[in-house]
There are 2 protein chains.
Amino acid sequence: MVESRQKKKIDEKKPGIKDVAKVAGVSPTTVSRVLNNRGYISKETRQKVYQAMDKIGYYPNEIARALLNHRTYFIGVIAPSLISPFHGEIVQNIEAYLSKENYKMLLCNSDNKVEAEKEYIDMLRRNQVDGMIVGTHNNHSGLVEEYSKLSMPVVAIDRYLGDKIVTISCDNYQVGQLATRHLLERGCRNILCIRGDSKLKMPGNNRSQAYRDVMKEVGLPAMVLEVPFVKPLVEKQKLIYDMLNAHPEIDGVFAGDDSQAVIVLQIAREKGIAVPEKLKVIGVDGAKQTMFYVPELTTIKQPIEEISRLAVENLLDLIEGREGRSRLDLQVRLLKGKTT
Amino acid sequence: MVESRQKKKIDEKKPGIKDVAKVAGVSPTTVSRVLNNRGYISKETRQKVYQAMDKIGYYPNEIARALLNHRTYFIGVIAPSLISPFHGEIVQNIEAYLSKENYKMLLCNSDNKVEAEKEYIDMLRRNQVDGMIVGTHNNHSGLVEEYSKLSMPVVAIDRYLGDKIVTISCDNYQVGQLATRHLLERGCRNILCIRGDSKLKMPGNNRSQAYRDVMKEVGLPAMVLEVPFVKPLVEKQKLIYDMLNAHPEIDGVFAGDDSQAVIVLQIAREKGIAVPEKLKVIGVDGAKQTMFYVPELTTIKQPIEEISRLAVENLLDLIEGREGRSRLDLQVRLLKGKTT
């Protein structure tokens, strides 16, 4: 209690709207109108008010204004990881686009845990965010309903959260086609496709579907290994190691993402399998940090900036009462490196 | 205006404190006391109120409560990058610690631009954050004063923002000593030290000082190259390439961070210089993502989790009226890889 009283004292000493009005030579109502962008205000008056604010160091309380206007300009972003290069770059781009539009990002990392994601949804709701961008990989039972229950705009990246929720992702079928055809062209015949958890309903599932379709077209058998994104690194490594061990005939790997591709490269090095001579490897994502650290990797590059931009644009459209539109067709491209 | 009215209508339909009180069979004052943790409330009453909230889907408006209590539980975090593995991991850890303490992170990426950083400081102030954690690399004239002017708690990571501002960093002198001595032990005699911008006042400056001291001890000449963190990648590459070209006698490199170490490795590969036989390379940071992608790198590992934890702990101490304490002595350790 003592602390809160001290805080109030400090606040009382802070300049207020009345002080701004006095310095600017206008009425407090005019200052309030400038701050809230309401009614007609001449350019000169606006200028005078801004100069007065600057002069006396007045900072409008956006929280108070948010309550008044039922708009916080807060956007909740729930990511599955902040250290994966792909998700880190998505978050970095989203922050830049939001900030340009004067929105602020409340960033949450679900770490791919359902309980954490639920708590974050509640927290964001209690904090009256204007909308959410969700890029986590959990859509087990229950969570999708949590999102549908929300009375606020939500945009999903790379996952389905219900019929009414706008989803942004690249053309995942194209990813699978490009990768598989590239490996075939490079001479592979026994191609392993590594994919995420097939129980999750994600646009990314189209990748392995495209792989199966292309392999069928050319009359070659399909071989798919499931390596869930949520598994710890050592378990992923073991799954892939065991598969490569059990199938020495594998001469090409279409990895579900660049991290998995790097695991394959490391196992190949350990086992003395020459890449690309004996084994060709292609990943997916092409995040900047990955391409800096592993420039030799062949990958299918996702349009990370476009995904982020469209997620933000659609969310702001929804917030401002316009329509949002799902996009699952963003174009990808092959980045040919030295691993194929 | 129409939109805002519609919004109000929706809000009116939302359950309020009175509805919770009715369902719980208590007075609205009691509900308010439970929500604000004020006065004596029995366990059973508290339980009844929570159950009622759950039943009717009432979400307390934390923004309104924040205004009332002069505490938002928002923390502003200003990072210099979200895709650098070191900073990404710091942000991920800070978010986790804050979230555990029921604080929320407003994440800003200054991208190492002074103007952006200033705007973010203003924005965070207008949004009444309870405090800030700042890890950017800009402390050019003007910015340090901006932070000193703030009447709120601030904690800096890896930079000096003024005498009164708590700073958290590893023991940077130890970093320089460990790295230089390791290269000497591995037989290097012509060691290049790559460092950041020497005009910036940062704890990290002690690294090159330690390098100079150790080289002096053993009677060998020091060679220091400045590669500012803010430079674009291609420029960094060129600076390092030119230096290695001009000084073919260099047989060891103490790189300012792991990214610079990776640049050196890539140039060595390009020029056909055998690592570690002809050239030994050691970096600094040891972020998880880096060690996954470049496991062969020898590096001095920073205690990223401890740095993040202490930054959060000290900030919360300051917010709650306790004292904060700078720590510039966090212990690092050598991770011996194959590049030395």
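This text gives an overview of the structure that appears in the document. (Residues numbered from 1 in each chain as written. Chains lettered and ligands numbered in written order. Predicted model: local features only at pLDDT ≥ 70, side-chain atom pairs only at ≥ 80, totals over all residues. Heavy atoms only, no water.)

Some remarks on the environment of alanine 311 of chain B
Residues and elements named next belong to chain B.
Next up, step 1: With respect to the helices and strands, the residue alanine 311 is situated in helix 14 (residues 304-319).
Next up, step 2: As a C-alpha pair, alanine 311 and glutamate 115 span 196 residues in sequence and 24 Å in three-dimensional space.
Next up, step 3: Apart from residues lying up to four places away in sequence, alanine 311 is in contact with Ile133, Val155, Ile157 and Ile168. (Helix = DSSP H or I, 4+ residues; strand = E, 2+ residues; numbered from the N terminus. Contact = heavy atoms within 4.5 Å.)

Observations regarding the sheet that holds strand 10 (residues 298-301) of chain A
All names here are of chain A.
Next up, step 1: The six strands lie next to each other as 7-6-8-9-10-12, forming an open sheet whose pairing is mixed. Edge positions in the open sheet fall to strand 7 (223-226) and strand 12 (333-335), since each of these has one partner strand only. In this sheet, neighbouring strand axes are inclined to one another by 20 degrees on average, regardless of whether the strands run parallel or antiparallel.
Next up, step 2: Bridging between strand 6 (residues 191-195) and strand 7 involves four bridges; their strand directions are parallel. In the strand pairing of strand 7, leucine 192 is matched with methionine 223. (Pairing = 2+ DSSP bridges. Axes fitted to C-alpha atoms, helices over the stretch in contact; angles between N-to-C directions.)

Here's the deal with the pairing of strand 6 of chain A
A regular strand carries its side chains on alternate faces of the sheet.
Residue and element names in this part refer to chain A.
Next up, step 1: With five of five residues buried, strand 6 lies mostly within the body of the structure.
Next up, step 2: Of the two faces of strand 6, the one carrying Ile191, Cys193 and Arg195 and the one carrying Leu192 and Ile194 are both buried.
Next up, step 3: In terms of strand pairing, strand 6 meets strand 8 (residues 252-254) through three bridges, oriented parallel. Of the residues in strand 8, the one forming a bridge with leucine 192 is valine 253.
Next up, step 4: Read as a crossover between parallel neighbours, the route from strand 6 over helix 10 (residues 205-217) to strand 7 is right-handed. (Buried < 20%, exposed > 50% of the residue type's maximum accessible area, 1.4 Å probe, protein only. Right-handed = clockwise from strand over helix to strand, strands pointing away.)

Details of the pattern of salt bridges
All names here are of chain B.
Next up, step 1: Summed over the entire model, instances satisfying the criterion amount to 29 salt bridges over all chains.
Next up, step 2: Ionic pairing is found between arginine 309 and glutamate 313, a salt bridge with its closest N-O pair at 3.1 Å. Placement of both arginine 309 and glutamate 313 in helix 14 is noted, with a separation of four residues, approximately one turn of the helix.
Next up, step 3: Put simply, arginine 322 and aspartate 317 hold a salt bridge, and the shortest N to O gap is 2.9 Å. (Salt bridge = Lys/Arg side-chain N within 4 Å of Asp/Glu carboxyl O.)

Points about the relation of the copies chain A and chain B
Next up, step 1: The two copies are related by a screw operation: chain A maps onto chain B through 180 degrees of rotation and 0.0 Å of translation along the axis, at an RMSD of 0.1 Å. Taken together, the turn and the small shift mark the pair as related by a two-fold rotation axis. Closest approach to the rotation axis within chain A is made by the C-alpha atom of leucine 106 of chain A, at a distance of 2.4 Å.
Next up, step 2: Of the interface residues in chain A, 98% have counterparts in chain B that sit at the interface too, so the contact is made through matching surfaces. (Least-squares fit on C-alpha atoms with pLDDT ≥ 70 in both.)

Details of the interface of chain A and chain B
Accessible area lost upon the coming together of the parts is a frequently used measure of interface size.
Next up, step 1: The interface is formed by 58 residues belonging to chain A together with 58 residues belonging to chain B.
Next up, step 2: Carbon and sulfur atoms make up 58% of the surface buried where chain A meets chain B, a total of about 5400 Å² over both sides.
Next up, step 3: It is Ile83, Phe292 and Tyr293 of chain A in chain A that bury the most area against chain B; as a group they hold 14% of the surface buried on that side.
Next up, step 4: Linking chain A to chain B there are two salt bridges.
Next up, step 5: Across the salt bridge formed by arginine 126 of chain A and glutamate 62 of chain B, the nearest N and O atoms sit 2.5 Å from each other.
Next up, step 6: The tally of links between chain A and chain B comes to 26 residue pairs in polar contact (both at pLDDT 80 or more).
Next up, step 7: Broken down by element, the residue count for the side of chain A that touches chain B peaks at seven residues, all from helix 6 (residues 85-100) of chain A.
Next up, step 8: Residues of the side of chain A that touches chain B, tallied by class, amount to 24 nonpolar, 15 polar and 19 charged. (Buried area = accessible area lost by both parts, 1.4 Å probe. Polar contact = N/O pair within 3.5 Å; in protein donor to acceptor, adjacent residues only side chain to side chain. Nonpolar A, V, L, I, M, F, W, Y, C, P; charged D, E, K, R; others polar.)

As for the packing of aromatic side chains
Next up, step 1: Overall, the coordinates contain six aromatic pairs over all chains when judged by the stated rule.
Next up, step 2: Ring centres 4.9 Å apart and planes at 50 degrees place the aromatic pair tyrosine 73 of chain A and tyrosine 103 of chain A in the tilted group. Placement of tyrosine 73 of chain A in the loop between helix 5 (62-69) and strand 1 (74-79) and of tyrosine 103 of chain A in the loop between helix 6 and strand 2 (104-109) is noted, with a sequence separation of 30 residues between them.
Next up, step 3: Taking the relative accessible area as the measure of exposure, tyrosine 73 of chain A reaches 33% and is therefore partly exposed.
Next up, step 4: Ring pairs connect the aromatic residues Phe292 and Tyr293 of chain A together with Phe292 and Tyr293 of chain B, which therefore count as one cluster.
Next up, step 5: The ring of tyrosine 241 of chain B carries lysine 271 of chain B above its face, with NZ or CZ at 5.2 Å from the centroid. (Phe/Tyr/Trp six-rings, centres within 6.5 Å; stacked < 30°, edge-to-face > 60°. Lys NZ or Arg CZ within 6 Å of the ring centre and 35° of its normal.)

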